[in-house]
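Spelled out, the chains give:
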2 protein chains.
Amino acid sequence: MSERDSQPAKSGKRATINDVARVAQVSKKTVSRVINQSPFVREETRARVQEAIDELGFVPDPQARGLAFRRSFLVGMIYDQPSPTYVVNMQQGILDALKGSGLELVVHPCSRTSPTLLKDIRGFVERQRLFGVIMPPSVSEDETVIELLRELDTPYVRIASIALDQPQNMVVTNDWIGAAEAARHLVDLGHRRIALVRGLASFRSSVVRGQGFIDALKERGVNLPPAYDIQGAYTFDSGREAAHALLSLPEPPTAIFTLNDDMALGVMQAARERGLELPRDLSVVGYDDLPMAAHIWPNLTSVRLPIRDMGRMAAEKLLAPMRGVDPARLQQPEIRPSLVVRRSAIQV
Amino acid sequence: MSERDSQPAKSGKRATINDVARVAQVSKKTVSRVINQSPFVREETRARVQEAIDELGFVPDPQARGLAFRRSFLVGMIYDQPSPTYVVNMQQGILDALKGSGLELVVHPCSRTSPTLLKDIRGFVERQRLFGVIMPPSVSEDETVIELLRELDTPYVRIASIALDQPQNMVVTNDWIGAAEAARHLVDLGHRRIALVRGLASFRSSVVRGQGFIDALKERGVNLPPAYDIQGAYTFDSGREAAHALLSLPEPPTAIFTLNDDMALGVMQAARERGLELPRDLSVVGYDDLPMAAHIWPNLTSVRLPIRDMGRMAAEKLLAPMRGVDPARLQQPEIRPSLVVRRSAIQV
DNA sequence: CTGAAAGCGCTTACAG
DNA sequence: CTGAAAGCGCTTACAG
């Protein structure tokens, strides 16, 4: 059966590239050229094909395209991020950028401590022939995963607080500044005995945020004594324990900055267990600005990261080549966190 | 080039069904039969094919299979659920069930108030030829969406607090019981002036939970006067406003039950704005048991729903036909919420 | 129980 | 600038 002989698309069945070719009186190859925005099509021909596409409501089948291209139209988000808010906001941002592109988002949580991590990711990426992969911390900081993706020749974008890779593969957040703002805020409120509760040392964000905090304190002439520099683990319980340790010191701090909000809640809990009144007896500043930060008592002053924008920018980098944009020339606005001032930190 | 002549798979290239056929000395159709677990293969042949599959590390290409099957290996989660914790937990549960099946999860947030809702969903489901769709509330309660999925002949599972559909298409949560437990708990603590703050009336969960609460109060001989029955909107602000109204009454309640945790936080906020001390002056019980419920002060007593299990069960229903399980005979354990007792509600 | 042919809906490589 | 042929890696429908 030759192309020209084929029946018109039955109603209820999707139009195919053959239907468009027949209606537009061209070969399917030419239709393919139009779909793929090849420059080698006469304007008149392109218009005729486009008309047929619109008339038939033709949408190319991603499975068939993927099979021929040897690449699917799926973007994978691989993450070990424990915060649901972070994950959902980032998914939303990625979807913002993917809208209208025909790409879909496939989610793939993982655990960096799993012995099968690499095998799992390889299976996922290879089997689906992913269009690309987006990774937030901390899996974005795992070089063995990156090596694997390079070996599989799969485009990827890493989100991290340090430029670990080439610009087209990175969305960098300036976590140094976020923590520095928190430090300045506390000093400006008159605090001098200010403590820091860090997150897991294996997270780059913890190191960068800690440094920003210390540097900014120093700028303002305030020192962070070792006893005020506590290693936490990004969990509520670790924040609570750190606060108990700090508040037991002969000279306890008047303010505590924690490198995420969960630990800030732990600090507040510990303070109350010791009979302190908040924020009168202790100022607290967190990092993340979770939705509940505005809803607890006292409202938590916290550093906000534009997670959704970060997801969108990561996806845009992945899409750049498809859109004919040189990824190297993509605008690289620095991601700057901002301090959301509420009532958990007050004048001392 | 006949199948038998084809070169062995180059290293670095994935083995195909042709490679397996050659090694096992059978036609590719027979390999296909083995992949698809057809019973019409001699055991000896099957073993030989399986051996070749293992030797070559063959994994069928989902795109090629999908193209031939006219159905992809993608499960869509379509949701308008605003709670990040709910969304992430449900995704996790779905992925638990999908593990090892070769299916992947594609996420698709939506808005029921969008004028393009049906067009968007149609485009998504039709274009991707989804294997199936899973929907939590409230989009799961939208009959126009369901009609569309039926028209597109796409399997789906709805999660809701009422059996809106046939068993194989439903995961039903017993929200009546969850709210009833909260009511009994408050009465058992000695409360008699107990108020209810509902969620959006357009959500079935709000209606069912409200009914469970009222019914259980009545069982215990406690009445819910109209002034104690407030319509909220599942938001922090609506909880706060409701509490201000309730606490302004000549006979204010000694306990307030809110149909989600966000509103419980709003109630706590209002109480503090009025100078009340919690939980001494007001008991509060929420619904959802968000992670922060355990981390705020006072710790929030709340009703917990096993969201992850619900996601897993929904995905298992979708997989049943593929696994040769009769969906009608699938076990249908009732999803029972449980009350997590903490310190926000105390003896009056 | 097994297989050769045709097809799923696209693209690549080669011509012209 | 355009097209006929071959192919991507599978399955369906039909034989035997």
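None of these values were measured; they are calculated from a predicted model.

**Overview of the overall build of chain A**
Here's step 1: The helix and strand tally for chain A stands at twelve helices and eleven strands.
Here's step 2: Against the compact-globule benchmark of 20 Å for 348 residues, chain A has a radius of gyration of 26 Å, which places it well outside the compact range.
Here's step 3: Projecting the C-alpha coordinates of chain A onto the three principal axes gives extents of approximately 90 × 40 × 35 Å.
Here's step 4: Across the 348 residues of chain A, 54% fall into the buried class.
Here's step 5: Accessible surface for chain A amounts to roughly 15,500 Å². Of this, 51% is attributable to carbon and sulfur atoms.

**With respect to the domain arrangement of chain A**
Here's step 1: Along its sequence, chain A is organised into domain 1 (3-60), domain 2 (68-173 + 307-335) and domain 3 (175-304).
Here's step 2: Computed over C-alpha atoms only, the centres of domain 1 of chain A and domain 3 of chain A are separated by 61 Å.

**Details of the interface of chain B and chain A**
Here's step 1: Each partner contributes residues to the interface: chain B has 43 residues there, and chain A has 42 residues.
Here's step 2: On inspection of chain B and its partner chain A, the count reaches four salt bridges.
Here's step 3: Note that A:Glu104 is salt-bridged to B:Arg127, the shortest N-O span being 3.4 Å.
Here's step 4: At the boundary of chain B and chain A, one finds nine residue pairs in polar contact (both at pLDDT 80 or more).
Here's step 5: The leading source of residues in the side of chain B that touches chain A is helix H5 (residues 84-98) of chain B, at seven residues.
Here's step 6: Considering only residue class, the side of chain B that touches chain A consists of 21 nonpolar, twelve polar and ten charged.

**Regarding the relation of the copies chain B and chain A**
Here's step 1: It takes a turn of 180 degrees to lay chain B on chain A, together with a shift of 0.0 Å along the axis; the resulting RMSD is 0.1 Å. On this basis, the relationship between the two copies can be described by a two-fold rotation axis. Using C-alpha coordinates, one finds that chain B approaches the rotation axis most closely at B:Val106, a distance of 2.3 Å.
Here's step 2: Of all interface residues in chain B, 98% are interface residues in chain A too; the two copies therefore contact each other through one and the same surface.

**Topic: the UniProt feature "domain: HTH lacI-type" (unreviewed entry) in chain A**
Here's step 1: In this structure's numbering, the residues bearing the UniProt feature "domain: HTH lacI-type" (unreviewed entry) are residues 15-69 of chain A.
Here's step 2: Along residues 15-69 of chain A the backbone is 69% helical and 0% strand, and the end-to-end C-alpha distance reaches 20 Å.

**What about unusual backbone geometry?**
Residue and element names in this part refer to chain A.
Here's step 1: Across the junction of Leu278 and Pro279, the peptide omega takes the value 0 degrees, indicating a cis bond.
Here's step 2: Position of Pro279 among the secondary structure elements: in the loop between helix H11 (261-273) and strand E9 (283-288).
Here's step 3: For Arg129, which is not a glycine, the phi torsion comes out positive at approximately 45 degrees.

**Here's the deal with the nonpolar core**
Here's step 1: One finds A:Leu105, A:Phe213, A:Phe257, B:Leu105, B:Phe213 and B:Phe257 to be the most contacted residues of the largest nonpolar core, which totals 158 residues.
Here's step 2: Beyond its immediate chain neighbours, meaning those up to four positions away, B:Phe257 contacts B:Ala179, B:Ala182, B:Leu186, B:Ala195, B:Leu196, B:Val197, B:Phe213, B:Val285, B:Gly286, B:Tyr287 and B:Val303.
Here's step 3: Grouped together as the second largest cluster of nonpolar side chains are 36 residues, A:Phe124, B:Val133, B:Leu148 and B:Leu149 included.

**Section: the packing of aromatic side chains**
Residue and element names in this part refer to chain A.
Here's step 1: In total, this model carries eight aromatic pairs over all chains according to the counting rule given.
Here's step 2: Between Phe203 and Tyr234, the aromatic rings sit 5.5 Å apart at their centres with planes inclined by 75 degrees, giving edge-to-face as the arrangement. Placement of the pair is Phe203 in the loop between strand E6 (194-198) and helix H9 (204-219) and Tyr234 in the loop between strand E7 (229-231) and helix H10 (236-247), with a sequence separation of 31 residues.
Here's step 3: Accessibility expressed as a relative area gives 14% for Tyr234, which makes it buried.
Here's step 4: Cluster of aromatic residues (ring-pair linked, three or more members): Phe213, Phe257 and Tyr287.
Here's step 5: Cation over ring: Arg209 sits above Tyr287, and NZ or CZ is 3.7 Å from the ring centre.

**So, the sheet that holds strand E6 (residues 194-198) of chain B**
Residue and element names in this part refer to chain B.
Here's step 1: Pairing within the open sheet is mixed, and its six strands lie in the order E7-E6-E8-E9-E10-E11. The strands lining the two open edges of the sheet, one partner per strand, are strand E7 (229-231) and strand E11 (338-340). Averaged over all adjacent pairs, the angle separating strand axes in this sheet is 20 degrees, with direction ignored.
Here's step 2: Both strand E8 (residues 255-258) and strand E9 (residues 283-288) contribute to a ladder of three bridges, which runs parallel. Bridge assignment links Ile256 to a residue of E9, and that residue is Val284.
Here's step 3: Against the sheet, helix H8 (residues 175-188) contacts E6, E8, E9, strand E10 (301-304) and E11, and its axis sits at roughly 165 degrees relative to E9.
Here's step 4: Packing of helix H11 (residues 261-273) onto the sheet brings it into contact with E6, E8, E9 and E10, and relative to E9 it is tilted by some 160 degrees.

**So, the sheet that holds strand E8 (residues 255-258) of chain A**
Residues and elements named next belong to chain A.
Here's step 1: With mixed pairing, the six strands of this open sheet are ordered in space as E7-E6-E8-E9-E10-E11. At either margin of the open sheet sits one strand with a lone partner, and together these are E7 and strand E11 (338-340). Averaged over all pairs of adjacent strands, the angle between their axes in this sheet comes to 20 degrees, without regard to strand direction.
Here's step 2: As paired strands, E6 and E8 are joined by four bridges and run parallel to one another. Within E8, the position partnered with Ala195 by the bridge is Ile256.
Here's step 3: The sheet contacts of helix H8 (residues 175-188) involve E6, E8, E9, strand E10 (301-304) and E11, and relative to E9 the element is tilted by about 165 degrees.
Here's step 4: Set on the sheet, H10 makes contact with E6, E7 and E8; between it and E6 the angle comes to about 150 degrees.

**Brief notes about the protein's contact with DNA strand C**
Here's step 1: Residues in close proximity to DNA strand C total 28 residues, the closest being A:Lys29, A:Ser32, A:Asn36, B:Thr30 and B:Thr45.
Here's step 2: Restricting the count to atoms of DNA strand C within 4 Å of the protein gives a sugar and phosphate share of 65%.
Here's step 3: Here a phosphate oxygen of DNA strand C sits 3.1 Å away from a polar atom, N or O, in the main chain of A:Asp61.
Here's step 4: Note that a sugar or linking oxygen of DNA strand C is positioned 3.5 Å from one of the side-chain N or O atoms of B:Arg70.
Here's step 5: Those elements that place two or more of their residues in the surface near DNA strand C are helix H2 (28-35) and helix H4 (62-69) of chain A together with helix H2 (28-35) and helix H4 (62-69) of chain B.
Here's step 6: It is H4(A) that contributes the most residues to the surface near DNA strand C, five residues altogether.
Here's step 7: By residue class, the composition of the surface near DNA strand C is 14 nonpolar, six polar and eight charged.

Rules used throughout
Residues numbered from 1 in each chain as written. Chains lettered and ligands numbered in written order. Predicted model: local features only at pLDDT ≥ 70, side-chain atom pairs only at ≥ 80, totals over all residues. Heavy atoms only, no water. Helix = DSSP H or I, 4+ residues; strand = E, 2+ residues; numbered from the N terminus. Rg over C-alpha atoms; globule rule 2.2 N^0.38 Å. Buried < 20%, exposed > 50% of the residue type's maximum accessible area, 1.4 Å probe, protein only. Areas by Shrake-Rupley, 256 points an atom, 1.4 Å probe, with all protein chains shown as cover. Domains from an automatic or database assignment. Contact = heavy atoms within 4.5 Å. Salt bridge = Lys/Arg side-chain N within 4 Å of Asp/Glu carboxyl O. Polar contact = N/O pair within 3.5 Å; in protein donor to acceptor, adjacent residues only side chain to side chain. Nonpolar A, V, L, I, M, F, W, Y, C, P; charged D, E, K, R; others polar. Least-squares fit on C-alpha atoms with pLDDT ≥ 70 in both. UniProt positions renumbered as here; feature names shortened; annotations may be inferred. Core = buried A, V, L, I, M, F, W, Y, C linked by side-chain atoms within 4.5 Å. Phe/Tyr/Trp six-rings, centres within 6.5 Å; stacked < 30°, edge-to-face > 60°. Lys NZ or Arg CZ within 6 Å of the ring centre and 35° of its normal. Pairing = 2+ DSSP bridges. Axes fitted to C-alpha atoms, helices over the stretch in contact; angles between N-to-C directions. Near = heavy atom within 4 Å.

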